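Examining the three-dimensional arrangement
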Amino acid sequence: MGDKAIIFGGFEEGCRNNQIRSFDLVTHKWENICPTDANAKTPIARAGHSMNLVGTSLYIFGGKDEDNGKLKDLWKFDLENCVWTELVTPNPE
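What about unusual backbone geometry?
Backbone geometry places histidine 28, a non-glycine residue, at a positive phi of 60 degrees. A positive phi angle, close to 70 degrees, is found at asparagine 68, a residue other than glycine. The topology assignment puts asparagine 68 in the loop between strand 5 (57-64) and strand 6 (70-78). Classification of asparagine 68 by relative accessible area gives partly exposed; the value is 47%.

Details of the sheet that holds strand 3 (residues 30-33)
Here 3 strands make up an open sheet; going across it, the order is 1-2-3 and the pairing antiparallel. Both edges of this open sheet fall to strand 1 (4-12) and strand 3, since each of them pairs with a single strand only. The mean angle between the axes of side-by-side strands here comes to 35 degrees, regardless of whether they run parallel or antiparallel.

A look at the pairing of strand 6
A regular strand carries its side chains on alternate faces of the sheet. Strand direction decides the pairing type here: strand 5 and strand 6, joined by 7 bridges, are antiparallel. Its bridge partner lying in strand 6, leucine 58 is registered against phenylalanine 77. Following strand 5, the chain reverses through 5 residues before pairing antiparallel with strand 6; asparagine 68 in that reversal takes a positive phi of roughly 70 degrees. Pairing of strand 6 with strand 7 (residues 83-87), which is carried by 5 bridges, proceeds in the antiparallel orientation.

A few points about the side chain of serine 22
On the secondary structure map, serine 22 appears in strand 2 (residues 15-24). Note on serine 22: relative accessible area 3%, which makes it buried. In contact with serine 22, other than residues within four places in its own chain, are Lys4, Ala5, Ile6, Lys29, Trp30, Glu31 and Ile33.

Thresholds, definitions, all that
- Residues numbered from 1 in each chain as written.
- Predicted model: local features only at pLDDT ≥ 70, side-chain atom pairs only at ≥ 80, totals over all residues.
- Heavy atoms only, no water.
- Helix = DSSP H or I, 4+ residues; strand = E, 2+ residues; numbered from the N terminus.
- Buried < 20%, exposed > 50% of the residue type's maximum accessible area, 1.4 Å probe, protein only.
- Pairing = 2+ DSSP bridges.
- Axes fitted to C-alpha atoms, helices over the stretch in contact; angles between N-to-C directions.
- Contact = heavy atoms within 4.5 Å.

In C-alpha cells:
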C-alpha cells in the first residue's frame, strides 16, 4: 500500500506468529498493525502461507501451524478498519 510493505505471520525467534506488520520504505520504520477488537477471532500463528492484497484487504490462505500441520483456512483482514473475517469455503474433496 503506497510506500509500505506489509507482512503477516512467519517465524519470529523460532516460533510462528500471526502478527501483521508494515515497513515504511521511505522512513525504514516498522509498525505493528493490530485488530481493533483484541478479543475477536484471528487466524492461528502460521508460516508458509500465501497472502494477497486486494484493494485495502489482505487475504491469507493456508500455511502450516506450530506442529507443521497443513492449514486450509482463508482469512480477510480489512486494513482500513483493522478487522479479521474468516471466509468459509466449500471443501473441495
